[in-house]
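Listed below, chain by chain, are the residues.
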Amino acid sequence: MSVSKQAKIVVVGGGLAGLSATMKIAEAGYDVDLISVVPVKRSHSVCAQGGINGAVNTKGEGDSPWKHFDDTVYGGDFLADQPPVKRMCEMAPQIIYLFDRMGVPFARTPEGLIDFRRFGGTLHHRTAYAGASTGQQLLYALDEQVRKHEVLGKVKKYEGWEMLSLVLDDHQVCRGVVAMNLQNLELKAFYADAVIIATGGPGLIFGKSTNSQTCTGSAASACYQQGAKYANGEFIQVHPTAIPGEDKLRLMSESARGEGGRIWVPRKKGDRRDPRDIPESERWYFLEEKYPAYGNLVPRDIATREIFKVCLEGYGVNGENQVYLDLTHIPAEILNRKLGAILEIYEMFVGDDPRQVPMRIFPGVHYSMGGLWVDYEQRTNIPGLLAAGECDFSIHGANRLGANSLVSCVYGGFVAASSAIEYVKNVERKETETNGIHEAEVKRQQEINEKILKSEGPENQYKIHEELGKWMTENVTVVRYNDKLKETDNKILELMDRFKRISINDSNLWATQALPHARQLWNMLELARVITLGALNRNESRGAHYKPEFPERNDEEWLKTTIAEWSSEGPVFSYIPVDTSLIPPRKRDYSKPKGK
Amino acid sequence: MKNGHKKRVLENPPEKIEIRIQRRDRPDAPIYWQSFEINYRRNLNVISALMEIRKNPITKEGIKTNPPVWDMSCLEQVCGICTMVINGRVRQACSALIDDLILDSGSNIITLQPMSKFPNIRDLKVDRTKMFEHLKRVKAWIELDGTHDLGAGPRISNKEAQERYVYSRCMTCGCCLEACPQYHGDNYIGPQAIAQVRLFNMHPIGKMTKNERLEALMGEDGITNCGNAQNCIKVCPMNIPLTKAIYETNREITMNAIFGWLKK
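Bear in mind that the values here come from a model prediction, so they are computed numbers and not experimental data.

K.L.:
Looking at this structure, how should I read the overall build of chain B?
P.N.:
When helices and strands are counted, chain B shows nine helices and seven strands. For the C-alpha atoms alone, the extent of chain B along its principal axes is close to 75 × 40 × 40 Å. The 264 residues of chain B split such that 46% are buried. Contacts in chain B between residues far apart in sequence, at least 24 positions, make up 66% of those at least 6 positions apart.

See below:
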């Protein structure tokens, strides 16, 4: 293969999507600069627990990629453009096989085949898993393959570097990125013929979430502020089962319900008996009662709303915001083998043994369905800029099904890689186009840093972040009211104003975390407006977006994709049609098996 | 659970807790100590205590200072980044709960230090690049014909998959190296990389290149440097059977040497 020596692709982000893309590009013979805020092995993908979906039909249930496709589109309340979803579902079994060949220790059937378990929003066993830490094992498999390419000289890693901005030429074509070395604050322009953004979700906008501390959405926000379209930002998934904590909300995987875990509360409000002393007849298995077909495995948006509702009505355990997730009826041997990793997390942080005592859980912000707008080849509206993984808006529509994130990250990374390669084969590399633009962008970023470092005032960046998180969690998650959304946007504007009067409280700039956090915080504020105003505008209920004032899905007016474009006056919204060319939209109803 | 530290509840909590931090401004600067006092709250862990201090860093003596610097990411003990030495024991800060620490030590003073076997960047932050270099040395990956679609992988019994799963959980946190009396920040390959050799050499495809990995463990800085102190297994947060991996890999090397010699 003849590869132009000049061609260079930059991948930003070293989670599943970024490493999938990197591996494919390096394998095709191109050079990759891989930029990541943490050593890539420590990316947030490690937190994924339950598994990865693919219709391999090991159990002879008649499963097929088309059924996976239909479940995903139906689960997403028909907001996803359908062709890429279909392509992903068709590729999913191959992706699982590839990871198996790369050495992921998937659980096996007695015959030695890959085993599959149940997950939400489907009636099939479709989720391959490695214990209850599948994301960790998938990420490591990619990390290992990319390390091989690193040894071969095709990949150069910049770990401990944070992307600050894109380098755009006069025609708004992406020619690279500017990133900051988090040890010495050096700014460097990375020349690139194509850039793939794979920087994950923005959970930290909500303060405490199930996300890692790196999930600020900062890089995606920077792209948005430089002209990339941001789509469906208002669709934020709140996971039904998390453990509330001081520093974060720790995920309790959907696989707990996939393996038979049951959600319940005492039928009597404020019943303070030990859960083990409450007889079956006095327990309210509200999901099983309301949704006989799917039971505890209804999609996350529905489970979350129901848990919220029973707590709001006063049925929460001990009158608090918590419900039981009960595994005690399942033999300990099975639990240890299939769910060991998450049970250990619960024991470590709560203290009770979930094999003996029902777990107490509550919903927590988990995933952004929205993200950078991309076409079916993962290209953003900026030529030369692609996006993959949670930071792009595709696949999941208004609500993501469990175990679809891992497969969508890998799919997005693979498609972005081949799309970037196609692009760099043909891109013009005229010096006149790029003359001086990299230096100019470094200078611009340097000036922003200096302005923040010089800023003096009474405001504290961490307190601003805390307030943002509280407001967003309170008003822009499970239940949304227009007046509250409006107030929240005003609050964000106030926080943006106060941001200008922060003082960086670290006089030692070596390896300081204060300046990077301030940069992230501004980007979070910008994205918070996109999420909040997108929610304010959308007067209907669809998937994770629920307004009691507009409780129904309204296809006539709102079967469309939200597009936000940055302006100095705030986000400008427009709407584009959803591609429903393959499956006509129908009403979602999980109380009975899904209709055709 | 061996290293699983099931949370316990402190009956009579103190009003305040004191966090003593070993600090360093730059890699070449001297170390110094500072103490910070924060109000006790239920469910505090070391990370949330550090977050509290970072907001408004004032020492116990009332002197305004720079915020302590430390690494953190997942906060669920699965990314390994927040590893540090807490009350003298190497572990992850996210899963170090304040109640547990007070119950264990009987004191409301908690001491934080950076890992000592890796270059100290600043305060509690260290550079563990060396561990990833060791993974390169032992070729800790499966050699594939390519990542294109080649159909299903090999059949594997669930027992083998479970055995490999245990090794696949290593998060390269460095606890084993910190505790190892044979490792001094040098090139000794150490327990983590040996366990990864075991992981790949057990896989049906990985087996095909197992000799390359075994060879990387022979000679100077190799597996024979292990002094069998067994400290590694006591501190591994993932309960990886590191000593078993070392024993089995060593045996494999010996067998290989004998058969290799016979073949000659």
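Next, the rest of the story.
K.L.:
I tried to follow the overall build of chain A on my own but got confused; where do I start?
P.N.:
Scanning chain A from terminus to terminus reveals 16 helices and 21 strands. The C-alpha atoms of chain A give a radius of gyration of 23 Å, which matches the 25 Å a tight globule of 596 residues would have. Along the first, second and third principal axes, the C-alpha set of chain A runs to 75 × 60 × 50 Å. Looking at chain A as a whole, 60% of its 596 residues qualify as buried. The contacts in chain A between residues at least 6 apart in sequence include a share of 74% that link residues at least 24 apart.

K.L.:
Mind showing me how you'd approach the domain arrangement of chain B here?
P.N.:
Many authors give the size of an interface as the accessible area that is lost as the parts come together. Residue and element names in this part refer to chain B. Examined at the domain level, chain B breaks down into domain 1 (16-126) and domain 2 (129-263). Contacts between the two partners involve 12 residues from domain 1 and, on the opposite side, 14 residues from domain 2. With three residues, the single largest contributor to the side of domain 1 that touches domain 2 is strand β4 (residues 89-92). For the side of domain 1 that touches domain 2, the per-class residue count stands at five nonpolar, five polar and two charged.

K.L.:
In this structure, what is going on with the confidence of the model for chain B? I would like to understand it.
P.N.:
Low-pLDDT stretches of the model should not have their predicted coordinates read in fine detail. Of all residues in chain B, 97% attain a pLDDT of 70 or more, and the chain-wide mean is 94. Taken together, the chains of this predicted complex give a pTM of 0.97 and an interface ipTM of 0.97.

K.L.:
Even after reading the chapter, I still don't get the domain arrangement of chain A, so can you show me in this structure?
P.N.:
Residues and elements named next belong to chain A. In terms of domain boundaries, chain A breaks down into domain 1 (8-235 + 369-434), domain 2 (240-365) and domain 3 (437-561). On a C-alpha basis, the centroid separation for the pair domain 1 and domain 3 is 23 Å. The partner domain 3 presents 38 residues to the 43 residues of domain 1 that form the contact. Taken together, the elements giving at least two residues each to the side of domain 1 that touches domain 3 come down to β7 (161-168), β8 (174-181), β9 (187-191), α5 (218-225) and β11 (230-231). In terms of residue class, the side of domain 1 that touches domain 3 is made up of 21 nonpolar, 16 polar and six charged.

K.L.:
So what exactly am I meant to see when it comes to the packing of helix α13 (residues 461-475) of chain A against helix α14 (residues 482-499) of chain A here?
P.N.:
If you want to describe how two helices pack, look at the angle between their axes and the distance between the axes. Residues and elements named next belong to chain A. Put simply, α13 and α14 touch, their axes get as near as 10 Å, and they point 170 degrees apart. Here α14 runs roughly antiparallel to α13, going by the angle between their axes. Facing α13, whose interface residues are Ile464, Glu467, Leu468, Trp471, Met472 and Asn475, α14 presents Lys484, Leu485, Thr488, Lys491, Ile492, Leu495, Arg498 and Phe499. Residues of the contact of α13 with α14, tallied by class, amount to eight nonpolar, two polar and four charged.

K.L.:
Would you mind going over the interface of chain B and chain A with me for this structure?
P.N.:
If you look at the interface, chain B gives 63 residues, while chain A gives 61 residues. Elements with a minimum of two residues in the side of chain B that touches chain A: α1 (46-55), β6 (120-122), α3 (129-137) and α4 (158-168) of chain B. A breakdown of the residues in the side of chain B that touches chain A according to their chemical character gives 27 nonpolar, 20 polar and 16 charged.

K.L.:
When you look at the environment of glutamate 487 of chain A in this model, what are you seeing that I'm missing?
P.N.:
Residue and element names in this part refer to chain A. Note that glutamate 487 resides in helix α14. Judged by C-beta crowding, with 15 C-beta atoms within 10 Å, glutamate 487 ranks as partly exposed. Measuring from C-alpha to C-alpha, the distance between glutamate 487 and leucine 123 comes to 41 Å, with 364 residues separating the pair along the chain.

K.L.:
I'm lost on the pairing of strand β17 (residues 359-368) of chain A in this one. Help?
P.N.:
Looking along a regular strand, one sees side chains alternate from face to face of the sheet. All names here are of chain A. Most of β17 sits out of view: 10 of its 10 residues are buried. Pairing geometry for strand β12 (residues 236-243) and β17, over five bridges, is antiparallel. Residue pairing across strands places alanine 242 opposite phenylalanine 362, the latter belonging to β17. Sheet topology places strand β16 (residues 323-326) next to β17; three bridges connect them, and they run antiparallel. Bridge pairing in β17 links valine 323 to isoleucine 361.

K.L.:
How do you make sense of the packing of helix α2 (residues 65-75) of chain A against helix α3 (residues 82-101) of chain A when you look at a structure like this?
P.N.:
All names here are of chain A. In the contact formed by α2 and α3, the axes pass within 8 Å of each other and the chain directions differ by 135 degrees. Classified by the interaxial angle, the pair formed by α2 and α3 is oblique. Taken as a pair, α2 and α3 cross one another with a handedness that is right-handed. Residues Pro65, His68, Phe69, Thr72 and Val73 of α2 pack against Gln82, Val85, Lys86, Cys89, Glu90 and Ala92 of α3. A class-by-class count of the residues in the contact of α2 with α3 yields six nonpolar, three polar and two charged.

K.L.:
How do you make sense of the pairing of β8 of chain A when you look at a structure like this?
P.N.:
Residue and element names in this part refer to chain A. Burial within β8 is extensive, with seven of its eight residues counted as buried. As defined by bridge partners, β7 adjoins β8 across seven bridges and the pair is classed as antiparallel. Bridging across to β8, serine 165 finds its partner in valine 178. Adjacent in sequence and paired antiparallel, β7 and β8 are bridged by five residues, among which glutamine 172 carries a positive phi angle near 65 degrees. Bridging between β8 and β9 involves five bridges; their strand directions are antiparallel. Each bridged residue has a counterpart across the sheet, and for alanine 179 the counterpart in β9 is lysine 188. The antiparallel hairpin formed by β8 and β9 contains five residues in its connecting segment, where leucine 185 sits at a positive phi of about 65 degrees.

K.L.:
Honestly, helix α6 (residues 190-201) of chain B in this entry has me stumped. Any pointers?
P.N.:
Residue pairs three or four apart in sequence face the same way in an α-helix, which turns once every 3.6 residues. Residue and element names in this part refer to chain B. Here α6 spans 17 Å end to end across 12 residues, near enough to the 16 Å set by a 1.5 Å rise per residue. Taken across its 12 residues, α6 has 12 buried, putting it largely inside the fold. Three or more residues of α6 are buried, namely Gly190, Pro191, Gln192, Ala193, Ile194, Ala195, Gln196, Val197, Arg198, Leu199, Phe200 and Asn201.

K.L.:
I tried to follow the environment of proline 551 of chain A on my own but got confused; where do I start?
P.N.:
Position of proline 551 of chain A among the secondary structure elements: in the loop between α15 (514-537) and α16 (555-558). For the pair proline 551 of chain A and asparagine 539 of chain A, spaced 12 residues apart in the sequence, the C-alpha separation amounts to 9.0 Å.

K.L.:
Got a minute to help me understand the sheet that holds β8 of chain A in this structure?
P.N.:
Residue and element names in this part refer to chain A. Spatially, β7-β8-β9 is the arrangement adopted by the three strands of the open sheet, whose pairing is antiparallel. A strand with exactly one partner marks an edge of an open sheet, and here the two such strands are β7 and β9. Averaged over all pairs of adjacent strands, the angle between strand axes in this sheet comes to 30 degrees, irrespective of strand direction.

K.L.:
I would appreciate a short explanation of the nonpolar core in the present structure.
P.N.:
A general trend in soluble globular proteins is that nonpolar side chains are found buried together. Grouped together as the largest cluster of nonpolar side chains are 267 residues, with contacts concentrated most on Ile9, Val12, Val177, Val195, Ile196, Ile197 and Leu372 of chain A. For isoleucine 9 of chain A, the residues in contact, after removing those within four places along its chain, are Ile25, Tyr30, Val32, Ala192, Asp193, Ala194, Ile196, Ala420 and Val424 of chain A.

K.L.:
In this structure, what is going on with unusual backbone geometry? I would like to understand it.
P.N.:
Excluding glycine, residues mostly have negative phi values, and the peptide bonds linking residues are mostly trans. Residues and elements named next belong to chain A. The backbone phi angle of asparagine 232 is positive, close to 55 degrees, even though this residue is not glycine. Following the sequence through the fold, asparagine 232 ends up in the loop between β11 and β12. Judged by the 30 C-beta atoms lying within 10 Å of it, asparagine 232 falls in the buried class. In this model, asparagine 318 sits at a positive phi of 55 degrees, which is unusual for a non-glycine residue. Within the secondary structure, asparagine 318 is located in the loop between α8 (300-312) and β16.

K.L.:
Whenever I open this one, α1 of chain B confuses me. Can you help?
P.N.:
Most of α1 of chain B is tucked away: eight of the 10 residues are buried. The set of residues buried in α1 of chain B consists of Val46, Ile47, Ser48, Ala49, Leu50, Met51, Ile53 and Arg54 of chain B. Contact partners of the buried residues in α1 of chain B: α13 of chain A together with β1 (16-24), β2 (31-39), β3 (83-86), α2 (98-105) and β5 (109-113) of chain B.

K.L.:
I'm lost on the sheet that holds β1 of chain B in this one. Help?
P.N.:
By definition, the strands of a sheet pair up through backbone hydrogen bonds, in either a parallel or an antiparallel sense. Residues and elements named next belong to chain B. Taken together, the five strands give an open sheet; going across it, the order is β2-β1-β5-β3-β4, and neighbouring strands pair in mixed fashion. Where the open sheet ends on each side, the last strands, each with one partner, are β2 and β4. The sheet shows a mean angle of 30 degrees between the axes of neighbouring strands, direction not considered. Note that β3 and β5 share two bridges and pair antiparallel. Across the sheet, residue isoleucine 86 finds its bridge partner in β5, namely leucine 112. In the packing of α1 onto the sheet, the strands contacted are β1, β2, β3 and β5, and the crossing angle to β2 comes to about 95 degrees.

Cut-offs and rules
- Residues numbered from 1 in each chain as written.
- Chains lettered and ligands numbered in written order.
- Predicted model: local features only at pLDDT ≥ 70, side-chain atom pairs only at ≥ 80, totals over all residues.
- Helix = DSSP H or I, 4+ residues; strand = E, 2+ residues; numbered from the N terminus.
- Buried ≥ 20, exposed ≤ 12 C-beta atoms within 10 Å, placed from the backbone.
- Contact = placed C-beta atoms within 7 Å.
- Rg over C-alpha atoms; globule rule 2.2 N^0.38 Å.
- Domains from an automatic or database assignment.
- Nonpolar A, V, L, I, M, F, W, Y, C, P; charged D, E, K, R; others polar.
- pLDDT = per-residue confidence, 0-100.
- Axes fitted to C-alpha atoms, helices over the stretch in contact; angles between N-to-C directions.
- Parallel < 35°, antiparallel > 145°, perpendicular 65-115°, else oblique.
- Pairing = 2+ DSSP bridges.
- Left-handed = near helix turned anticlockwise from the far one by under 90°.
- Expected span 1.5 Å × (residues − 1).
- Core = buried A, V, L, I, M, F, W, Y, C linked by C-beta atoms within 7 Å.

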